[in-house]
Amino acid sequence: MFQDWIRQANGQQQDVLKPLAQINSVLLDNVAKFSKYQIDALDSYTQSQIDFAKKLNDAAAKGDTAMVGQVQMSQMSDLNKQFMQDCKSFLELNEGLRKEFSQVFADIAKEEVKS
């Protein structure tokens, strides 16, 4: 009798916690995606700055002020393109998160209707 009551209580607890587990799973998956995105972006910007510094140093060593200006303009253009691409990727990640949450909440609502 007591064991049946414990099993029933455990089953009810699992039913209550299942939606929270789904939400946590989506959150953790997306935290991992966002973290990878940040690390990749940091790596890209770091490499870009290293390349820029080398080109700028070479131009400055030659005393070519026109080349220094061209290197700086090129770097600004490259950074602008990279920033726009990163914004697009970030928006795509956010849209993916929104869709996943919408699906989780729709699934939770379906389960609630069944109960």
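The present account deals with the structure reproduced in this document.

Calculation criteria
Residues numbered from 1 in each chain as written. Predicted model: local features only at pLDDT ≥ 70, side-chain atom pairs only at ≥ 80, totals over all residues. Heavy atoms only, no water. 1 Å grid on protein atoms, 1.4 Å probe; cavity = no way out; pocket = protein on both sides within 12 Å on 5 of 7 lines; lining within 4 Å. Points joined across faces, edges and corners; volume = space filled by probe spheres on them. Helix = DSSP H or I, 4+ residues; strand = E, 2+ residues; numbered from the N terminus. Nonpolar A, V, L, I, M, F, W, Y, C, P; charged D, E, K, R; others polar. Expected span 1.5 Å × (residues − 1). Bend = angle between axes of the 7 residues up to and from the residue. Buried < 20%, exposed > 50% of the residue type's maximum accessible area, 1.4 Å probe, protein only. Contact = heavy atoms within 4.5 Å. Phe/Tyr/Trp six-rings, centres within 6.5 Å; stacked < 30°, edge-to-face > 60°. Salt bridge = Lys/Arg side-chain N within 4 Å of Asp/Glu carboxyl O. Core = buried A, V, L, I, M, F, W, Y, C linked by side-chain atoms within 4.5 Å.

Side note on the layout of surface pockets
Its boundaries defined by the atoms lining it, the largest pocket holds a volume of some 210 Å³. Contributing to the lining of the largest pocket are 10 residues, with Asp15, Lys18, Pro19, Glu111 and Glu112 lying nearest its centre. Secondary-structure elements contributing two or more residues to the lining of the largest pocket are helix H1 (2–62) and helix H2 (65–114). Sort the elements by how many residues they give to the lining of the largest pocket and H1 lands first, with 5 residues. Across the lining of the largest pocket, the residue classes tally to 3 nonpolar, 2 polar and 5 charged.

Focus: H1
The end-to-end C-alpha distance of H1 is 87 Å, a good match for the 90 Å that 61 residues give at a rise of 1.5 Å each. Largest kink in H1: about 35°, centred on Leu17, with the proline Pro19 one to four residues after it. Those residues of H1 that sit buried are Pro19, Ile23, Val26, Asn30, Phe34, Tyr37, Ala41, Ser48, Phe52 and Ala59. Summarising the contacts, the buried residues of H1 are in contact with H2.

With respect to the packing of aromatic side chains
In total, this model carries 3 aromatic pairs according to the counting rule given. Joined through ring pairs, the aromatic side chains of Phe34, Tyr37 and Phe90 make up one cluster.

With respect to the pattern of salt bridges
The final tally for this structure, using the stated rule, is 4 salt bridges. Residue Lys36 is joined to Asp40 by a salt bridge in which the shortest nitrogen-to-oxygen separation is 2.8 Å. With Lys36 and Asp40 both in helix H1, this residue pair falls 4 residues apart, about one helical turn.

Some thoughts on the nonpolar core
Side chains of nonpolar character tend, in soluble globular proteins, to be buried together. In this structure, Ile23, Val26, Phe34, Leu97, Phe101, Val104 and Ile108 together form the largest nonpolar core, which totals 7 residues. Those elements that place two or more of their residues in this core are H1 and H2. With 4 residues, H2 is the single largest residue contributor to this core. Setting aside anything within four residues of it in sequence, one finds Ile23 in contact with Phe101, Val104, Phe105 and Ile108.

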